[in-house]
Amino acid sequence: MIKLLATSDWHLGNVFHNQDRTLEFRHYLHDFLLKLIDEHRPDALLVAGDVFDTRNPSPDIQRLYYDYLCQLHDRYPALQIIVIAGNHDAPSRHTAKRKLLGLANVHLRALVEQDVKQGKPDYGDCVITVNGNESGERLNVVAVPYLHPGDYERIGTNYEKNVRNFIDNALAKAREVAPEAPIVLMAHLYATGSLLNKTYRGMAGGSQQVDVGNLNREIALGVFGHIHHPQTIGGRWNLRYVGSALPMSFSEVGSSHGAELYTFHGGRLTPDDIKRFEYEPLHSLAVIEADDGAPLPLKQIEKLIASLQEAPQVGKANSPYYKVVVKAEDCDDSTIRKLDTAFTNRNGILCVVQKGSATVSAGIRPEDNPAVDFSSIQNLINDPMSVLEKRYESVSGAQLNSTQRELLQQAIDEARVTLNNN
């Protein structure tokens, strides 16, 4: 028997609408995840990317992360911890500590190692063997971080084909290393057909989408990071997004958070061998709006706030984060001040005021929206690449090369997902 505990998208250091979340991260890691490890004693902990929220996390957030890894190793020296970098992580920052972390049984994959002699990635470096501490069984985890141009062999200009080629080669290397051992793929990517979240029923896509649907025939399990809403991919029970540790935006109202445990028996995994553990964040998310999502009059919102429970005597450490949606005609320079005052003795923290269709963070003065000639930006919305190409050519006198185009498309796709999540 081999047990794997999976988690993803911690986003350590995230600041939620001016709210510091250090206590929230600590609660997830220590009061939830560590207790699961204490109870279930997994053979390996899988962290599927986006450990940090930014590429330059603060010293305090880095200390929280590394102290936690050290605590896990001190407590369970045999526990293998496998971490991949996500698109929010700085690969070089992670890789600089790779050998040192290896002393604590942490297997980090961030920058893709290159086989200089062969002139291609070192696919074998992605293969990590997990041994059952009690059973003597083993399986191979193929750990694929978020892939950037330069990480993979170019078999064309299509991002999806390049990434799938990388994954296929890494899986082939795992089969070569141990033909009989089951394979677990852990990767940080947009999977074709995955839902961004519950409230926005859109699909992750663009040129960065990767079709992983047929991998269920080649692997025993796929554990993916990047999409915050936990789900299976294409209805395949063994291809799974674990979801984020904490909600990252109000679009995640109603989404669940937690971790998943996979138990292999004799090299086999069945749907009954998967258990999800739900986590209740310190701060839940709540929205004050009409049932259909429309804005409400300010007076009605103030009455709803007044009906909330009184703030706990110990402060607002566990109070919900609130977003309120106010009718535009009721929103002026004094609105946020009035709403802040309304929340003073109520069990809630005002984070976002939405004026009609425009969202501002609490504490920021809402400005009147300037008139916008929509037709002038329609092309940028419909075909941003063409607009950027023309702009680049007008400024530089040159045309975008394939690498520049790929990087721009990556930025466009990530911007679209970010906008959809917000």
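What you see is a predicted model; the values in this text were computed from it and never measured.

Enquirer: For the sheet that holds strand 9 (residues 127-131), give the residues involved together with the corresponding values.
Expert: Taken in spatial order, the 6 strands of this open sheet run 9-10-11-12-14-13, and their pairing is mixed. The open sheet has two edge strands, strand 9 and strand 13 (231-233), and neither has a second partner. Recorded for the sheet is a direction-independent mean angle of 30° between the axes of neighbouring strands. Relative to strand 14 (residues 236-241), strand 13 runs antiparallel, the two being bridged by 3 bridges.

Enquirer: Lay out the nonpolar core in plain terms, naming residues and giving numbers.
Expert: Counting 37 residues, the largest nonpolar core has Trp 10, Leu 12, Tyr 28, Leu 33 and Tyr 65 as the members making the most contacts within it. When residues of this core are traced back to their parent elements, those giving at least two are helix 1 (22-40), strand 4 (44-47), helix 2 (59-75), strand 5 (80-84), strand 6 (106-109) and strand 15 (258-264). Here this core gets 8 residues from one element, more than from any other, and that element is helix 1. Residues in contact with Leu 12, not counting those within four places in the same chain, are Phe 25, Leu 29, Val 51, Phe 52, Asp 53, Ile 61 and Tyr 65. Counting residues in each nonpolar core, the second largest holds 32 residues, with Ala 174, Val 210, Phe 224 and Ile 233 among its members.

Enquirer: Give a description of helix 7 (residues 335-342) that names residues and reports values.
Expert: What helix 7 keeps buried is the set Thr 335, Ile 336 and Leu 339. Down the axis, helix 7 shows its buried residues gathered within 90° of arc, on one side only. Counted as exposed and oriented over 90 degrees from the buried face of helix 7: Arg 337 and Thr 341.

Enquirer: Give a description of the environment of Ala 259 that names residues and reports values.
Expert: Of note, Ala 259 is situated in strand 15. Residue classification places Ala 259 among the buried residues on the basis of a relative accessible area of 0%. In the structure, Ala 259 is positioned 29 residues away from Pro 230 in sequence and 9.5 Å away in space, judged by C-alpha atoms. When sequence neighbours within four positions are dropped, the list of residues in contact with Ala 259 reads Leu 5, Ala 6, Tyr 28, Phe 32, Leu 33, Leu 36, Val 242, Lys 275, Arg 276 and Phe 277.

Enquirer: Summarise the sheet that holds strand 4; cite the residues concerned and give the values.
Expert: Spatially, 6-5-4-1-15-16 is the arrangement adopted by the 6 strands of the open sheet, whose pairing is mixed. Of all strands in the sheet, those bounded by a partner on one side alone are strand 6 and strand 16 (274-278). When strand polarity is set aside, the average angle formed by the axes of neighbouring strands in this sheet is 20°. When strand 4 meets strand 5, the two strands line up parallel, connected through 4 bridges.

Enquirer: Describe the pairing of strand 10 (residues 138-144), listing the residues and the values that go with them.
Expert: Most of strand 10 is tucked away: 6 of the 7 residues are buried. Pairing of strand 9 with strand 10, which is carried by 5 bridges, proceeds in the antiparallel orientation. What sits directly across from Asn 131, in strand 10, is Arg 138. Adjacent in sequence and paired antiparallel, strand 9 and strand 10 are bridged by 6 residues, among which Gly 136 carries a positive phi angle near 80°. Relative to strand 11 (residues 183-188), strand 10 runs parallel, the two sharing 5 bridges. Bridge pairing in strand 11 links Asn 140 to Ile 183.

Enquirer: Tell me what's going on with the packing of helix 1 against helix 2, and back it up with residues and numbers.
Expert: Running from amino to carboxyl end, helix 1 crosses helix 2 at an angle of 15°, the nearest separation of the two axes being 12 Å. Taken together, the axes of helix 1 and helix 2 lie roughly parallel to each other. Here helix 1 runs over helix 2; the crossing is right-handed. Two secondary-structure elements touch here, helix 1 through Thr 22, Phe 25, Arg 26, Leu 29, His 30, Leu 33, Leu 34, Ile 37 and Asp 38 and helix 2 through Ile 61, Leu 64, Tyr 68, Gln 71, Leu 72 and Arg 75. Across the contact of helix 1 with helix 2, the residue classes tally to 9 nonpolar, 3 polar and 3 charged.

Enquirer: Mind laying out the pattern of salt bridges, listing which residues take part and the relevant values?
Expert: For the structure shown, the criterion picks out 12 salt bridges. Across the salt bridge formed by Asp 60 and Arg 63, the nearest N and O atoms sit 2.8 Å from each other. Taken together, the residues span about one helical turn, with Asp 60 and Arg 63 both in helix 2 at a distance of 3 residues. Among the residues examined, Asp 60 registers a relative accessible area of 53% and is labelled exposed. Taking relative accessible area as the criterion, Arg 63 reaches 45% and is therefore assigned partly exposed. Residues Glu 278 and Arg 276 are paired through a salt bridge, measuring 3.0 Å at the closest nitrogen-oxygen approach. Arg 276 gets classed as partly exposed once you look at its relative accessible area, which sits at 23%.

Cut-offs and rules
Residues numbered from 1 in each chain as written. Predicted model: local features only at pLDDT ≥ 70, side-chain atom pairs only at ≥ 80, totals over all residues. Heavy atoms only, no water. Pairing = 2+ DSSP bridges. Helix = DSSP H or I, 4+ residues; strand = E, 2+ residues; numbered from the N terminus. Axes fitted to C-alpha atoms, helices over the stretch in contact; angles between N-to-C directions. Core = buried A, V, L, I, M, F, W, Y, C linked by side-chain atoms within 4.5 Å. Buried < 20%, exposed > 50% of the residue type's maximum accessible area, 1.4 Å probe, protein only. Contact = heavy atoms within 4.5 Å. Arc of directions from axis to C-beta. Parallel < 35°, antiparallel > 145°, perpendicular 65-115°, else oblique. Left-handed = near helix turned anticlockwise from the far one by under 90°. Nonpolar A, V, L, I, M, F, W, Y, C, P; charged D, E, K, R; others polar. Salt bridge = Lys/Arg side-chain N within 4 Å of Asp/Glu carboxyl O.

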